[in-house]
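Below, each chain spelled out in residue letters.
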Amino acid sequence: MEIKKVGVVGCGLMGHGIVQVAAQAGMDVVAVEAEQGFLDKGLGRIEKSVKKLAAKAVEKGKATEEQANANAAATLGRIHGSLDKADLADCDLIVEAIVEDLDVKKALFAELGGLAKPGAIFASNTSSFPVIEMAEASGRPERFVGLHFFNPVQLMRLVEVVRTEKTDDEVFAAARAFGEAVGKKPVACKDTPGFVVNRLLVPYMVQSLQMLERGDATADDIDAAMQFGCGYPMGPITLTDYVGLDTTLSILEGWVERYPNEPAFAIPECLRQKVAEGKLGRKSGEGFYKWEGDKRA
Ligand code: 3HC
């Protein structure tokens, strides 16, 4: 089961990266968005990132300027933006990377179930919802997996491949092979809350915010402790800003609803407060820190 043509629904923070890595791997990609403005923004980000990677390849002597530019142009040429989900009909794999709202995702998969070709594989990039619920909504649960990428998709080397009790073996194998083809290390996960990474990472972020609330240490010192003490590229509070405070809150809210007695999922008040104030982290320019683009100010 070879994946040659990929559809990605949602061209935001995660979706644009998934579009890009699939196109870089030589696949044709249809990127679907709901509005022209969102599509333009996503495609613009891809262009910027592809050019950045091309310049880096030249700098490192991995390609001549001519080769790198030709490569970048070929990658961009494989991407087709669309506002029409009907353009996904002949895709071998359709990856959903829309808003983290289970009802919206289920409605999307019900629609995709009615228009995708019979052999298509469906995948959700959800970071926390039960994959089986979307699988059932699609009407094709045996052809459904989770494909959970990490932010920034272009640079982070992992993809979690989530199989439900209904996923066909050959579908799982094809999804795993897709992960490898786009340059990632795939790991197999069961359909559990947060899979592997977020089940460990989100409670760690929660602990860091609870420390901040208790006044155990400043945000800068908590972050410096993990960066310099454990060699993490970012401290937990910077990372929470980087992931998005709204995203982190919505992951936790979903878990609290399902597992109200799990202390690791307790929602820190300071997180709720920042989101209520519209301070969403990097994406809004301010969270626990101030941001200028992708960098802390
Ligand atoms: N495309 C291409 N190149 C990019 C890029 C992109 N989207 N983003 C950054 N880069 C490049 C930069 O231009 C820079 O290039 P240079 O070395 O030529 O200057 C290089 O990558 C390194 O980036 P930066 O200089 O900005 O800074 P860092 O060295 O700190 O690297 C980072 C940035 C890779 C994000 C690193 O800080 C990191 O690994 N942070 C942790 C990220 C992480 O943990 N992500 C997982 C989040 S959890 C998640 O996603 C799950 C979800 O469900 C919640």
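Small disclaimer: the values here were computed from a predicted structure and weren't measured.

Assigned domains within the chain: domain 1 (5–190) and domain 2 (198–296). Between the C-alpha centres of domain 1 and domain 2 there is a distance of 26 Å. Between domain 1 and domain 2, the residue contacts involve 11 residues of the former and 8 residues of the latter. Of all residues in domain 1, Ser-127, Ser-128 and Asn-151 give up the largest surface area on contact with domain 2, accounting jointly for 43% of the area buried on that side. The residue Arg-258 makes a salt bridge to Glu-133 at a minimum N-O spacing of 3.9 Å. Linking domain 1 with domain 2 are 2 residue pairs in polar contact (both at pLDDT 80 or more), by the criterion used here.

By volume, the second largest pocket is sized at about 330 Å³. Around the second largest pocket, the lining comprises 13 residues; the ones closest to its centre are Val-50, Leu-53, Ala-54, Ala-57 and Asn-71. Ranked by residue count, the leading element in the lining of the second largest pocket is helix α2 (residues 36–59), at 5 residues. Along the lines of polarity and charge, the residues of the lining of the second largest pocket split into 7 nonpolar, 3 polar and 3 charged.

Tallied over the entire structure, the rule returns 0 disulfides. Here Cys-11 stays unpaired: no disulfide links it, and the sulfur of Cys-91, its closest cysteine neighbor, is 14 Å away.

With that settled, consider the sheet that holds strand β7 (residues 158–163). Taken together, the 8 strands give an open sheet; going across it, the order is β3-β2-β1-β4-β5-β6-β7-β8, and neighbouring strands pair in mixed fashion. With one partner strand each, in any of the chains shown, β3 (79–82) and β8 (185–190) form the two edges of the open sheet. Averaged over all adjacent pairs, the angle separating strand axes in this sheet is 25 degrees, with direction ignored. As judged from the 4 bridges shared by strand β2 (residues 28–32) and β3, these two strands associate in the parallel manner. When the sheet's bridge partners are listed, Val-29 is paired in β3 with Ile-79. Running over the sheet, α2 touches β2 and β3 and is turned about 165 degrees from β3. The sheet contacts of helix α6 (residues 169–181) involve β1 (5–9), β4 (93–96), β5 (121–124), β6 (144–149), β7 and β8, and relative to β6 the element is tilted by about 20 degrees.

Here the focus is the environment of Met-156. For Met-156, the location among the structural elements is in the loop between β6 and β7. Its relative accessible area of 36% is what places Met-156 among the partly exposed residues. In this structure the C-alpha to C-alpha distance between Met-156 and Lys-185, which are 29 residues apart in sequence, comes to 9.5 Å. Other than its neighbours up to four places away in sequence, Met-156 contacts Phe-150, Asn-151 and Lys-184.

What follows is about the nonpolar core. Among the nonpolar cores identified, the biggest contains 38 residues, and Ile-3, Val-6, Leu-93, Leu-147, Phe-149 and Phe-178 are the most heavily contacted of them. Sequence-distant contacts of Ile-3, that is, excluding residues within four places in its chain, are made with Met-27, Asp-92, Leu-93, Ile-121, Ala-174 and Phe-178. With 22 residues, the next largest nonpolar core counts Val-32, Leu-88, Leu-102 and Phe-195 among its residues.

Surveying the vicinity of the ligand reveals 20 residues, the closest of which are Ser-49, Lys-56, His-148, Asn-151 and Lys-295. One of the side-chain N or O atoms of His-148 is found 2.8 Å from an oxygen atom in the ligand. Lys-295 places a polar side-chain atom, nitrogen or oxygen, 2.7 Å from an oxygen atom of the ligand. Burial of the ligand by the protein chains amounts to 70% of its free accessible area of 1100 Å². Among the elements that take part in the shell around the ligand, α2 stands out by supplying 4 residues, more than any other. Of the residues that constitute the shell around the ligand, the class distribution is 11 nonpolar, 6 polar and 3 charged.

Conventions used here
Residues numbered from 1 in each chain as written. Predicted model: local features only at pLDDT ≥ 70, side-chain atom pairs only at ≥ 80, totals over all residues. Heavy atoms only, no water. Domains from an automatic or database assignment. Contact = heavy atoms within 4.5 Å. Buried area = accessible area lost by both parts, 1.4 Å probe. Salt bridge = Lys/Arg side-chain N within 4 Å of Asp/Glu carboxyl O. Polar contact = N/O pair within 3.5 Å; in protein donor to acceptor, adjacent residues only side chain to side chain. 1 Å grid on protein atoms, 1.4 Å probe; cavity = no way out; pocket = protein on both sides within 12 Å on 5 of 7 lines; lining within 4 Å. Points joined across faces, edges and corners; volume = space filled by probe spheres on them. Helix = DSSP H or I, 4+ residues; strand = E, 2+ residues; numbered from the N terminus. Nonpolar A, V, L, I, M, F, W, Y, C, P; charged D, E, K, R; others polar. Disulfide = S-S within 2.5 Å. Pairing = 2+ DSSP bridges. Axes fitted to C-alpha atoms, helices over the stretch in contact; angles between N-to-C directions. Buried < 20%, exposed > 50% of the residue type's maximum accessible area, 1.4 Å probe, protein only. Core = buried A, V, L, I, M, F, W, Y, C linked by side-chain atoms within 4.5 Å. Near = heavy atom within 4 Å. Areas by Shrake-Rupley, 256 points an atom, 1.4 Å probe, with all protein chains shown as cover.

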